Amino acid sequence: MRRVLLHLGLHKTGTTAAQSFLYDNRELIWPHFSLALPYRTRKSGLSQAAISHSIYGTVGTLSEFGARLRAFFDTLDFATRRGLIVSEENFAGLRPSRNIEQGYAATPELAACLVDAVRHRFAGQEVQITIYLSLRQRGSWLRSLWAHDLQRMRQVLDFETFRLRMDHLPSLQHTVDQIRDRLPTVTVTTGWLEDLQLQRFGTGTPFAEFLNLPRDKARLLVPPSKVNTRLPEDVLLELLDLNRSRLDEAALIAQKTATIERAKKALIGTT
């Protein structure tokens with residue numbers, strides 16, 4: 001039986017560390033599962049196709065996502081028994097802070113399209129599909145989205161104004177419930193960032209459990225080497241001031257990059 005795990009994010013719930021865990025342990029994972037991580041899904045245009053559907057929501061954008069998925073899965077080596085692990089938060093759509101009107105409304109449809117593509121690839125074979133979504137308490141999640149946007153775009157809203165603009169969006173758990181309703185024959189599981197951070201493998205823990213490796217191989221698994229650094233409040237406010245300045249885009253990017261790098265070095269005690 002083929003075992004398939006589809007990790008659809010959600011954004012800012014520890015996905016970077018989860019994907020680092022999978023990549024860092026890829027040699028142990030490969031005999032049992034083929035991996036589809038962002039460096040491949042984004043290069044192939046798959047992520048952008050999912051994002052486009054979350055914005056426009058047409059029959060055409062969903063069809064494009066499905067067609068790209070089927071073509072992508074055909075390039076993977078599944079041998080005779082190898083399963084599949086996918087981890088790509090953009091398969092849930094564009095992050096809600098950039099898609100405020102829609103939020104994660106398209107996620108259940110994208111998930112259903114992904115499941116259909118998996119079943120098409122393994123047609124005639126026994127397949128066990130699990131969808132996994134990582135979650136985070138709402139206040140912390142919104143603040144992480146705000147901090148991300150401060151770094152990656154010209155976000156000029158203070159956090160309180162940003163939070164109020166996002167207030168109408170349903171909870172992350174609501175998105176999970178919608179996926180379960182849409183896909184009643186698929187196992188849908190969740191993990192909370194606040195709980196997973198206490199585990200040895202952090203947000204990689206659900207993947208370590210799913211792998212179910214023999215004990216001698218499981219002992220060789222390593223924690224993720226890459227984890228997003230939470231910037232201090234004063235640095236976030238400095239980024240906000242820069243975004244509100246009259247700097248042109250090139251100068252803004254340069255100053256923000258320098259500010260972030262300086263802060264990261266200070267956090268790890270280097271100069």
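You'll find the structure just up there.
Everything numeric in this text was worked out from a predicted model, so none of it was measured. (Residues numbered from 1 in each chain as written. Predicted model: local features only at pLDDT ≥ 70, side-chain atom pairs only at ≥ 80, totals over all residues. Heavy atoms only, no water.)

K.L.:
Looking at this model, I keep getting lost on the sheet that holds strand E5 (residues 187-192). Mind explaining?
P.N.:
Within a beta sheet, neighbouring strands are joined by backbone hydrogen bonds and run either parallel or antiparallel to one another. Strand order across the open sheet formed by five strands is E2-E3-E1-E4-E5, with parallel pairing between neighbours. What marks the edges here is a single partner per strand, and that holds for strand E2 (33-36) and E5. Taking the axes of each pair of neighbouring strands and ignoring which way they run, one obtains an average angle of 20° across the sheet. Across six bridges, strand E1 (residues 2-7) lies against strand E4 (residues 127-135) in parallel orientation. In the sheet register, Leu6 faces E4, and the bridge partner there is Ile131. In the packing of helix H6 (residues 107-121) onto the sheet, the strands contacted are E1, strand E3 (83-87) and E4, and the crossing angle to E4 comes to about 150°. (Pairing = 2+ DSSP bridges. Helix = DSSP H or I, 4+ residues; strand = E, 2+ residues; numbered from the N terminus. Axes fitted to C-alpha atoms, helices over the stretch in contact; angles between N-to-C directions. Contact = heavy atoms within 4.5 Å.)

K.L.:
Teacher, can you tell me more about the nonpolar core here?
P.N.:
For soluble globular proteins, nonpolar side chains are generally found buried alongside one another. In terms of nonpolar packing, the biggest core is built from 60 residues, with Leu6, Phe65, Leu69, Phe73, Phe91 and Ile131 touching the most fellow members. For this core, the element with the most residues is H6, which contributes eight residues. Filtering out sequence-adjacent residues up to four positions away, Ile131 remains in contact with Leu6, Leu8, Ala111, Val115, Ile179, Leu183, Val186, Thr187, Val188 and Thr189. (Core = buried A, V, L, I, M, F, W, Y, C linked by side-chain atoms within 4.5 Å. Buried < 20%, exposed > 50% of the residue type's maximum accessible area, 1.4 Å probe, protein only.)

K.L.:
Honestly, unusual backbone geometry in this entry has me stumped. Any pointers?
P.N.:
Most peptide bonds take the trans configuration, and most residues that are not glycine carry a negative phi. A cis amide bond links Gly9 with the next residue in sequence, Leu10, at an omega value of 25°. Mapped onto the elements of the fold, Leu10 is located in the loop between E1 and helix H1 (15-24). Look at Lys12: it is not a glycine, yet its phi comes out positive at around 60°. On the secondary structure map, Lys12 appears in the loop between E1 and H1. Here Ala79, not a glycine, exhibits a phi torsion of approximately 45°, which is positive. Within the secondary structure, Ala79 is located in the loop between helix H5 (59-73) and E3.

K.L.:
Whenever I open this one, the packing of aromatic side chains confuses me. Can you help?
P.N.:
How two aromatic rings sit relative to each other is set out by the distance from centre to centre and by the angle between their planes. In total, this model carries nine aromatic pairs according to the counting rule given. Taking 5.3 Å as the distance between ring centres and 55° as the angle between the ring planes, the aromatic pair formed by Phe21 and Phe201 counts as tilted. Of the two residues, Phe21 is situated in helix H1 and Phe201 in the loop between helix H10 (193-196) and helix H11 (205-211); the sequence distance between them amounts to 180 residues. An identical accessibility class is assigned to Phe21 and Phe201; each is buried. The ring centre of Phe159 lies 4.4 Å from the NZ or CZ of Arg143, which sits over that ring. (Phe/Tyr/Trp six-rings, centres within 6.5 Å; stacked < 30°, edge-to-face > 60°. Lys NZ or Arg CZ within 6 Å of the ring centre and 35° of its normal.)

K.L.:
How should the pattern of salt bridges be read in this particular structure?
P.N.:
One side chain can pair with another of opposite charge once the charged atoms of both are near each other. This structure, assessed with the given rule, holds 12 salt bridges. Glu89 is paired through a salt bridge with Arg42; the nearest N and O atoms lie 3.3 Å apart. Linking Glu89 in the loop between E3 and H6 with Arg42 in the loop between helix H3 (38-41) and helix H4 (46-56), this pair joins segments that are 47 residues apart in sequence. With a relative accessible area of 11%, Glu89 lands in the buried category. For Arg42, a relative accessible area of 40% translates into the label partly exposed. (Salt bridge = Lys/Arg side-chain N within 4 Å of Asp/Glu carboxyl O.)

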